[in-house]
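Listed below are the residues making up each chain.
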Amino acid sequence: MAEHRTMQRGALLDAARSLLSEGGTEALTFPALAERTGLARSSVYEYFRSRAAVVEELCAVDFPVWAAEVEFAMAGADTPEAKVAAYVRKQLELVGDRRHRAVVAISAGELDDGAREKIRAAHGGLVAMVVDALADLGMTEPRLGAMLLQGVVDAAVRRIELGAAEDPDRIAEAAVSLALHGVTGPRP
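To start, this report covers the structure provided alongside it. Model, not experiment: these values are computed from the prediction.

### A look at the packing of helix α1 (residues 2-23) against helix α4 (residues 51-75)
- Interhelical geometry of α1 versus α4 gives an angle of 95° and a closest axis separation of 10 Å. The pairing of α1 with α4 is recorded here as roughly perpendicular in orientation. Contacts from Arg9, Leu13, Ala16, Arg17 and Leu20 of α1 reach α4 at Val54, Glu57, Leu58, Val61 and Asp62.

Structure below.
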């Protein structure tokens, strides 16, 4: 019985990811979840009390996986500059991943305070990954710098998701250049 519930919960989360990546937060409804999983609508409520509860569960399951991929990419870098570049590039590489698309759709939606706080905490953990690299680069306020750097990454994510005229690789390289060299670009 417990195994069946775990499988059903997983199927509901997978359906939620699909709905979010296909249609944003408006697409995430209990009737749509029921239809995608073959469950009765009332059965969906046995697993989740609200849309916000689905969102919280997705964040709890998906964000750590996404963050681990960023952390792994950074661990493979051998200089502070390379760590910052890996931090930016890996997040932008993950833009097409369904888990990431779901998290982005979620964060853009109307959520209750509990769900918003969980998303903020997850993002805080992501930002914390790059603080040491920024300190090693001599930044006097590396925590503030990390938050601002994440703002650059978030803007690049939105640009990619909008289907901007620029190739996603160009957007990633521009974000890395901005992160490492500011608006003046690399010095000769």
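Once you've had a look at it, read on.
### Some words on the nonpolar core
- In terms of nonpolar packing, the biggest core is built from 31 residues, with Tyr87, Val88, Leu92 and Val130 touching the most fellow members.
- Among the secondary structure elements, those contributing two or more residues to this core are α4, α5 (80-93), α7 (113-136), α8 (142-161) and α9 (168-181).
- Residue contributions to this core peak at 8 residues, all from α7.
- Discounting chain neighbours no more than four positions away, the residues touching Tyr87 are Val70, Met74, Leu126, Val127, Met129, Val130, Leu149, Gln150 and Val153.
- One finds Leu33, Ala34, Val55 and Ile119 within the second-largest nonpolar core, a separate group that totals 21 residues.

### Examining α9
- With 14 residues, α9 extends 20 Å from end C-alpha to end C-alpha; this agrees with the ideal 20 Å at 1.5 Å per step.
- Taken as a whole, α9 has its buried residues at Ile171, Ala172, Ala175 and Val176. Buried positions in α9, seen along its axis, are confined to an arc of 135° and lie on one side of it. Exposed and oriented more than 90 degrees from the buried face of α9 are Asp169 and Arg170.
- Residues of α9 that are buried sit in contact with α5 and α8.

### Some points on helix α2 (residues 30-37)
- Within α2, the full set of buried residues consists of Phe30, Ala32, Leu33 and Ala34.
- Next to the buried residues of α2 lie α1, α3 (41-47) and α4.
- Taking the backbone nitrogen of Ala32 as reference, a side-chain oxygen 3.1 Å away marks Thr29 as the first, capping residue of α2.
- Backbone geometry just after α2 places Gly38 at a positive phi near 80°.

### Notes on the pattern of salt bridges
- Under the counting rule described, the total for this entry stands at 7 salt bridges.
- Close ionic contact of Glu173 with Arg89 constitutes a salt bridge, the shortest N to O distance being 2.8 Å. With Glu173 in helix α9 and Arg89 in helix α5, the pair connects residues that are 84 residues apart, well separated along the chain.
- A relative accessible area of 35% places Arg89 in the partly exposed class.
- Between Arg159 and Glu166 there is a salt bridge; the shortest N-O distance is 3.0 Å.
- Given the relative accessible area of 26%, Glu166 is considered partly exposed.
- Salt bridges sharing common partners tie together Asp14, Arg17 and Asp62.

Reading guide: rules and limits
Residues numbered from 1 in each chain as written. Predicted model: local features only at pLDDT ≥ 70, side-chain atom pairs only at ≥ 80, totals over all residues. Heavy atoms only, no water. Axes fitted to C-alpha atoms, helices over the stretch in contact; angles between N-to-C directions. Helix = DSSP H or I, 4+ residues; strand = E, 2+ residues; numbered from the N terminus. Parallel < 35°, antiparallel > 145°, perpendicular 65-115°, else oblique. Contact = heavy atoms within 4.5 Å. Core = buried A, V, L, I, M, F, W, Y, C linked by side-chain atoms within 4.5 Å. Buried < 20%, exposed > 50% of the residue type's maximum accessible area, 1.4 Å probe, protein only. Expected span 1.5 Å × (residues − 1). Arc of directions from axis to C-beta. Polar contact = N/O pair within 3.5 Å; in protein donor to acceptor, adjacent residues only side chain to side chain. Salt bridge = Lys/Arg side-chain N within 4 Å of Asp/Glu carboxyl O.

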